[in-house]
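What follows is the residue order along each chain.
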Amino acid sequence: MNATAFGGKPQEIVTSESLLFDAAERVGRIREGRQALHLHLSQLLPQNREDAKIRIAFRMFESMVDMFRGQMFLLTNNDIVLICKDARLADLDAIVYKLRALFSKDPLTYSESEDGEDRFVTFYDLETEYDTFFSVCADLVNLAKKRVADQRTAPPVQPLDSRNLAQVLERIGATDIGGVVRRQPCIRFVDKTKAEVAFQEFYMSIGDLQKVLAPDVNILANRWLFQHLSQVLDLRVLSVLQDAGFRKTPAAFSVNLNVSTVETPVFQQFERAVHGKAGIYVEFQLMDIFNNLDQFFRVRDRLRRAGHKTVLDGMSPITLQFMDAELYDVDFVKVAWSGDMADDVVTSDIQRSLGPVGMDHVILSRCDTEASIEWGLQQGIRHFQGRFLDTMVAAITMAQCDKASACTLQQCNSRHAVISGRPRVECGNNDMLDLFPALKISK
């Protein structure tokens, strides 16, 4: 029985956001020495917002609560807010650094917003920034109320299982998935002032795929069923690329595939479609290789005989410490950039790990700042991917495009990243979108 049965007002639902708002209101009376930290974990990619990782992140902050008389709030959107007193910025930075490592594969941890702000975390000195923080807390309360209301009316999200897998597969067959295929160029530096596109990587946007195919199913909930789903998606991506209607065919296609996909008729058809027009790079995830080691070596040799390139994807300074990348004898090893790589000790470890591979066979990915490019060039790396370079490509495209006055740099950048859909239709010069001109860097 609730309060309305006796004519009272309906009780307002208590959320962690409302508790945070109350705490922030109390802190406003005594602000001296108070700090707040807001981790924007709700902005992580869907596959990185696993409950287990969120709980680990929450526990990592528990020591700060006791140490600095703090209060910690896990919000309904998975953000974490810490309010504490007399905490040293160095201590807070140390915890945030560990959290960046926990989510190191997510762009949120290493990219900045358009105005140059850190997208992963926001710090507040409540002595001088209290009003801003309090306003943020009020916004969070309102968003939580809307989210709770939406959840009451929205159909429940089901985990991927053997029953709804069939439904998702059926939707894949009936959906034009070209709109969720993304592309990103890999830039090869000829020297420090000249660069060109070595290949264009094509991959699936998991977040968009979730919205289009299965808003009512968490397709990442079951790793093994998702593995089967990804094999079906491989085939659809290969088919989409053959029918994409590029104004200019890429010099080379790079596709992220399961090992088993290479031995399918669909891949062979893709080979025939691009033969004599473009090269092929096939990128494999380390976990998939481990699961199919003998098959991987067979597939690698088959690709090499056909003149294609192979890429070991998803490597980091940590994984390089525990495995010998040279043993897989691939054409390229892709390593994700992170800020700690500039540390002298980490740099030495990377040089030792990748020395046998050869730095000219390394692709440095997630290069979102000029510093990452400079570091890579100093190590002898020549191949790079990342948002910093995407923006450079867009800027050079606009400099050469007679329709550039009709759009912004951000629009040009986002249009380069898709192969179909509204952003591309809205472009006044699709020829330039597919051209990917060479880069000249002034020093």
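Residues numbered from 1 in each chain as written. Predicted model: local features only at pLDDT ≥ 70, side-chain atom pairs only at ≥ 80, totals over all residues. Heavy atoms only, no water.

Caption draft 1: Examining the overall build of the protein more closely. Across its full length, the protein carries 18 helices and 15 strands. Here the C-alpha radius of gyration of the protein, 24 Å, is about what a compact globule of 443 residues would show, namely 22 Å. For the C-alpha atoms alone, the extent of the protein along its principal axes is close to 75 × 50 × 50 Å. Within the protein, buried positions represent 47% of all 443 residues. A fraction of 66% describes how many contacts in the protein between residues 6 or more apart in sequence connect residues 24 or more apart. In the structure as shown, the protein presents an accessible area of about 22700 Å², 52% of it carried by carbon and sulfur atoms. Both charge centroids of the protein, one from 51 positive and one from 59 negative side chains, sit 4 Å from each other. (Helix = DSSP H or I, 4+ residues; strand = E, 2+ residues; numbered from the N terminus. Rg over C-alpha atoms; globule rule 2.2 N^0.38 Å. Buried < 20%, exposed > 50% of the residue type's maximum accessible area, 1.4 Å probe, protein only. Contact = heavy atoms within 4.5 Å. Areas by Shrake-Rupley, 256 points an atom, 1.4 Å probe, with all protein chains shown as cover. Lys, Arg positive; Asp, Glu negative; His and termini not counted. Charge placed at Lys NZ, Arg CZ, Asp CG, Glu CD.)

Caption draft 2: Representation of the packing of aromatic side chains. On inspection of all chains with the given rule, the structure shows 16 aromatic pairs. Between Phe284 and Phe296, the aromatic rings sit 5.5 Å apart at their centres with planes inclined by 85°, giving edge-to-face as the arrangement. Of this pair, Phe284 sits in strand 10 (residues 279-285) while Phe296 sits in helix 11 (residues 293-305), and the two are 12 residues apart along the sequence. For the residue pair Phe284 and Phe296, the accessibility class agrees, reading buried in each case. Among the aromatic residues, those joined into a cluster by ring pairs are Phe202, Phe246, Phe253, Phe267 and Phe270. (Phe/Tyr/Trp six-rings, centres within 6.5 Å; stacked < 30°, edge-to-face > 60°.)

Caption draft 3: Structural detail: a negative patch on the surface. The grouping of Glu32, Asp125, Glu127 and Glu129 at the surface amounts to a negative patch. Summarising the element assignment, Glu32 is placed in the loop between helix 1 (16-27) and strand 1 (34-39). (Patch = residues over 30% accessible without salt bridge, like charges linked within 9 Å, V, L, I, M, F, W, Y side chains within 5 Å. Salt bridge = Lys/Arg side-chain N within 4 Å of Asp/Glu carboxyl O.)

Caption draft 4: Structural context of the packing of helix 15 (residues 387-400) against helix 16 (residues 409-416). Where helix 15 contacts helix 16, the two axes come as close as 9 Å, and the packing angle between them is 110°. Considering their axes alone, helix 15 and helix 16 lie roughly perpendicular with respect to each other. Judged by the twist between their axes, the crossing of helix 15 over helix 16 is right-handed. Facing helix 15, whose interface residues are Asp390, Thr391, Val393, Ala394, Ala395, Thr397 and Met398, helix 16 presents Leu409, Cys412, Asn413 and His416. In terms of residue class, the contact of helix 15 with helix 16 is built from 6 nonpolar, 4 polar and 1 charged. (Axes fitted to C-alpha atoms, helices over the stretch in contact; angles between N-to-C directions. Parallel < 35°, antiparallel > 145°, perpendicular 65-115°, else oblique. Left-handed = near helix turned anticlockwise from the far one by under 90°. Nonpolar A, V, L, I, M, F, W, Y, C, P; charged D, E, K, R; others polar.)

Caption draft 5: Looking closely at the pairing of strand 9 (residues 252-256). In terms of residue burial, strand 9 counts as a mostly covered element, since 4 of its 5 residues are buried. Strand direction decides the pairing type here: strand 9 and strand 10, joined by 5 bridges, are parallel. Each residue of the ladder has a partner; that of Val255, found in strand 10, is Val282. Handedness of the crossover joining strand 9 and strand 10 through helix 9 (residues 265-274) is recorded here as right-handed. (Pairing = 2+ DSSP bridges. Right-handed = clockwise from strand over helix to strand, strands pointing away.)

Caption draft 6: Structural view of the environment of Ala306. Looking at where Ala306 falls in the secondary structure, it is placed in the loop between helix 11 and strand 11 (309-315). On the basis of relative accessible area, Ala306 is assigned to the partly exposed category, the value being 38%. Separated by 92 residues in the primary sequence, Ala306 and Ala214 place their C-alpha atoms 37 Å from one another.

Caption draft 7: Up close: helix 6 (residues 162-174). Taking 1.5 Å of rise per residue, 13 residues should cover 18 Å, and helix 6 covers 19 Å from first to last C-alpha, within 8% of that figure. Among the residues making up helix 6, those that are buried are Asn164, Leu165, Val168 and Ile172. End-on view of helix 6: buried residues confined to an arc of 115°, all on one side of the axis. Residues of helix 6 that are exposed and point more than 90 degrees away from the buried face comprise Arg163, Glu170, Gly173 and Ala174. Of the surrounding elements, those touching the buried residues of helix 6 are strand 5 (158-159), helix 7 (206-213), strand 8 (217-218) and helix 8 (223-242). Here helix 6 starts with a cap whose side-chain oxygen sits 3.0 Å from the backbone nitrogen of Arg163, and that cap is Asp161. (Expected span 1.5 Å × (residues − 1). Arc of directions from axis to C-beta. Polar contact = N/O pair within 3.5 Å; in protein donor to acceptor, adjacent residues only side chain to side chain.)

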